[in-house]
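Geometric and topological summary
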Amino acid sequence: MHSQLSDVDRKMLRVLLDSKGAITTHEISQQLDIPLSTVQRRRKRLEEEYLIKFYSLDPMKFGFRRLDLLIYTKGGETMDVGRELLKRQEVTSAVRTIGEHTIDLRIEVFVKDNRVLLNLLEEVKAMKGVRDVIWTEVVETIGRKNPPNHIVI
């Protein structure tokens with residue numbers, strides 16, 4: 001991916017990252033002395049392909065609990081189990097993992113109470129391809145950082 005970035009792309013990414021996206025396309029055009037139409041086209045591509053940006057409510061502020069389901073799969077069903085779980089409203093992410101030999105998937109979920117958690121765990125355990133599931137709960141976030149911006153630029 002690094003080689004697909006031109007010098008102009010790198011400069012624009014740096015400006016976008018430094019401003020946290022709070023800069024107009026017109027300002028980028030003036031700052032980098034690049035035609036507005038070029039900045040518009042490239043900004044759209046860079047934002048779609050290289051940047052993570054979104055607004056999201058914090059479910060914990062609305063009484064939800066954030067949990068991770070750690071799932072041990074069988075029969076080569078890891079991707080199917082992950083895709084199926086992503087269809088559920090309470091699931092916000094599904095990722096394949098390596099490292100611990102009994103954990104193939106980490107599923108982030110938000111639940112309102114223990115009843116919902118218990119029902120979810122029972123449904124996951126009953127899924128085709130699931131050998132076992134355990135859960136862990138985030139009780140406090142110590143801090144959060146954006147991914148490092150120096151990797152590409």
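1. As for the sheet that holds strand S2 (residues 91-96)
Strand pairing in a sheet relies on backbone hydrogen bonds. The paired strands run either parallel or antiparallel. Here we have four strands laid out as an open sheet, ordered S2-S3-S1-S4, and antiparallel in their pairing. In this open sheet, the two strands that pair with only one neighbour each are S2 and strand S4 (130-137). Each adjacent strand pair in this sheet contributes to an overall mean axis angle of 20°, direction not counted. Note that strand S1 (residues 65-73) and S4 share seven bridges and pair antiparallel.

2. Some remarks on the nonpolar core
Among the nonpolar cores identified, the biggest contains 17 residues, and Leu69, Ile71, Leu85, Ile107, Val109 and Val124 are the most heavily contacted of them. For this core, the secondary-structure elements that each account for two or more residues are S1, helix H4 (78-86), strand S3 (105-111), helix H5 (114-125) and S4. With residues near it in sequence (within four places) discarded, Leu85 still touches Ile71, Val91, Ile107, Val124 and Met127.

3. Considerations on the environment of Glu108
Topologically, Glu108 is positioned in strand S3. Excluding residues within four positions of it along the chain, Glu108 makes contact with Arg66, Leu67, Asp68, Glu90, Val91, Thr92 and Ser93. Here the side chain of Glu108 touches Arg66 through a polar contact of 2.8 Å, side chain to side chain.

4. Regarding the confidence of the model for the chain
Put simply, the chain has an average pLDDT of 90, and 93% of its residues get 70 or more. Considering each helix and strand of the chain separately, the mean pLDDT is smallest for helix H1 (residues 7-19), with a value of 90, and largest for H4, with 97.

5. Some details on helix H2 (residues 25-32)
Where H2 is concerned, the buried positions are Thr25, Ile28 and Ser29. The buried residues of H2 occupy an angular sector of 100° when the element is viewed end-on, so they sit on one face. Of the exposed residues in H2, those oriented more than 90 degrees away from the buried face are Gln30 and Gln31. On its buried face, H2 is in contact with H1 and helix H3 (36-49). Taken from the residues just after H2, Asp33 is the one with a positive phi, measuring 55°.

Cut-offs used in this document
Residues numbered from 1 in each chain as written. Predicted model: local features only at pLDDT ≥ 70, side-chain atom pairs only at ≥ 80, totals over all residues. Heavy atoms only, no water. Pairing = 2+ DSSP bridges. Helix = DSSP H or I, 4+ residues; strand = E, 2+ residues; numbered from the N terminus. Axes fitted to C-alpha atoms, helices over the stretch in contact; angles between N-to-C directions. Core = buried A, V, L, I, M, F, W, Y, C linked by side-chain atoms within 4.5 Å. Buried < 20%, exposed > 50% of the residue type's maximum accessible area, 1.4 Å probe, protein only. Contact = heavy atoms within 4.5 Å. Polar contact = N/O pair within 3.5 Å; in protein donor to acceptor, adjacent residues only side chain to side chain. pLDDT = per-residue confidence, 0-100. Arc of directions from axis to C-beta.

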